[in-house]
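# What the coordinates show
Spelled out, the chains give:
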Amino acid sequence: MLGVSIVFFDMTTTKALFDKLMQTNRQLESAYEELQSTNEELETTNEELQSTNEELETMNEELQSTNDELHTINDTLRERGVELNDAKAFLDALINSIHFGMVVVDREMRVLVWNRGCEELWGLRADETKGKVLGSLDIGLPTEQIKPLIGKAFVDADVTADAVVDAVNRRGRATRIRVSCAAFRSDEDAVNGALLLMEPQQR
C-alpha cells in the first residue's frame, strides 16, 4: 500500500537564531567599519602630531638660536656699557682737570657741561646748572656781555672770541674774568653750541 508521510519541523527558533546571527554580523561589520574609520583618524591625528612635533622642534631650535644671539648682543651691550662708562669717567676727569671754569652750551644757551672750575668760581654744582639757560643762573657773571661772544661762535666757527668782564665770584668778591668762546662742534663738524673758558684775572 502506498502512503505519504508528512513531517513538520518547527523552524521558528532556527529562523530567530539565523536573524540574530545576521543582525550580529551586520553590527560586527558596522563596528569594523567604525573601527577602521577611527584607526584612519588616529593615523591622521598621529601624522598631525608628528608634524606639530617637528614644527615645535624647529621653533625650539630657532628660539635657541635667537636666545644665543640675544646672549651675544647682551654681552656686547654690557661691554659697550663698560666702555661708555670708562669713556665718561675719563671725559669727566679731563673736564674737571681744567683749572679754568668751563661751560658748554647748546644753541638755546642751555648748559650741557659745567666743570669743577665753574663750581669754584660761581658756587653752583653741575647738577644745579645742566639743562638750565645760562642767563637764568643766579651767578655773578654778566651773561649779557657774554652773549655776543657766543653769537660770534655760531656765525664764524673758526674764530675764538674773548673779552674781559667784571663779575662777582661765589664769595661775593668783585673779580675780573677773561672769557674765551669757541664753537662747539659735533662729529659731523656741525656747530651745535659754544664752549666758554673763564679765567680769573689779576686786578
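Under the annotation held in an unreviewed UniProt entry, the protein carries the name PAS domain S-box and is attributed to Mycolicibacterium novocastrense.

With that settled, consider the overall build of the protein. Counting secondary structure elements, the protein contains four helices and five strands. Along its sequence from the N terminus, the protein presents helices and strands in the succession α-β-β-α-α-α-β-β-β. Expected size for 203 residues packed as a compact globule is a radius of gyration near 17 Å; at 48 Å, the protein overshoots this value by more than 25%. Seen along its three principal axes, the alpha-carbon backbone of the protein occupies a region of about 175 × 35 × 30 Å. Counting all 203 residues of the protein, 22% fall into the buried class. For the protein, contacts bridging at least 24 residues in sequence account for 41% of all contacts bridging at least 6. When the accessible surface of the protein is totalled, it reaches about 15200 Å², and 54% of it is carbon and sulfur. Distance between charge centroids for the protein: 22 Å, based on 21 positive and 38 negative side chains.

For methionine 109, which is not glycine, the phi torsion reads 70° and is therefore positive. Assignment of secondary structure puts methionine 109 in the loop between strand E1 (101-106) and strand E2 (111-114).

Feature annotation in UniProt assigns "domain: PAS" (unreviewed entry) to the following positions: residues 87-132. Between the C-alpha atoms that bound residues 87-132 the distance is 25 Å, and the span itself is 48% helix and 22% strand.

What follows covers the packing of aromatic side chains. This structure, assessed with the given rule, holds zero aromatic pairs. Above the plane of the ring of phenylalanine 154 lies arginine 107, whose end atom (NZ or CZ) is 4.5 Å from the centre.

Turning to the nonpolar core, a few remarks are in order. In this structure, Trp114, Trp122, Leu134, Ile150, Val179, Leu196 and Met198 are the most contacted members of the largest nonpolar core, which totals 30 residues. With near-sequence residues (within four places) excluded, tryptophan 114 lies in contact with Met102, Val103, Glu119, Trp122, Leu124, Arg125, Ala126, Thr129, Leu134, Leu137 and Ile139.

Our focus in this paragraph is the pattern of salt bridges. In total, this model carries 11 salt bridges according to the counting rule given. As a salt-bridge pair, aspartate 158 and arginine 185 come within 2.8 Å of each other at their nearest N and O atoms. Pair noted here: aspartate 158 is in the loop between helix H4 (143-155) and strand E3 (161-168) and arginine 185 is in strand E4 (residues 174-185), with a separation of 27 residues, a long-range link. Judged by its relative accessible area of 32%, arginine 185 falls in the partly exposed class. Two residues, aspartate 166 and arginine 176, come together in a salt bridge whose shortest N-O distance is 3.1 Å. Linking aspartate 166 in strand E3 with arginine 176 in strand E4, this pair joins segments that are 10 residues apart in sequence. Classification of aspartate 166 by relative accessible area gives partly exposed; the value is 49%. Since its relative accessible area comes to 33%, arginine 176 is described here as partly exposed. One network of salt bridges, with partners in common, ties together Asp106, Glu108 and Arg110.

Quick notes on the rules
Per chain, residue numbering runs from 1 following the sequence as it is written. Only residues with pLDDT of 70 or above have their local features reported here, since the model is predicted, and side-chain atom pairs are shown and tallied only from 80 upward, although totals for entire chains, interfaces and linings are computed over all residues. The basis for every side-chain value is the complete set of non-hydrogen atoms in the structure, without hydrogens or water. Numbering of helices and strands runs from the N terminus; a helix is a DSSP stretch of H or I covering at least four residues, while a strand is a stretch of E covering at least two. We compute the radius of gyration over the C-alpha atoms and compare it with the globule rule, which gives 2.2 Å times the number of residues raised to the power 0.38. Per-residue accessibility, obtained with a 1.4 Å probe over protein chains only, is compared with the maximum for each type, and a residue is labelled buried under 20%, exposed over 50%, and partly exposed between these values. Any pair of residues with heavy atoms lying within 4.5 Å of one another is described as a contacting pair. Residue burial considers only the protein chains on display, and all accessible areas are found by Shrake-Rupley using a 1.4 Å probe. Under the convention used here, Asp and Glu are negative, Lys and Arg are positive, and both His and the chain ends fall outside the count. For charged residues, the charge sits on one atom: NZ in Lys, CZ in Arg, CG in Asp, CD in Glu. UniProt positions are given in the numbering used here, feature names are shortened, and annotations may be inferred rather than shown by experiment. Centre distance within 6.5 Å is the pairing criterion for rings of Phe, Tyr and Trp, where only the six-membered ring of Trp is used; planes under 30 degrees apart are then read as stacked, over 60 as edge-to-face, and the remainder as tilted. Sitting over a ring, as applied to charges here, requires NZ of Lys or CZ of Arg to be within 6 Å of the ring centre and within 35 degrees of the ring normal. In this description, a nonpolar core means a group of buried Ala, Val, Leu, Ile, Met, Phe, Trp, Tyr and Cys residues linked to one another through side-chain atoms lying within 4.5 Å. Salt bridges are defined as contacts in which a side-chain nitrogen from Lys or Arg sits within 4 Å of a carboxyl oxygen from Asp or Glu.

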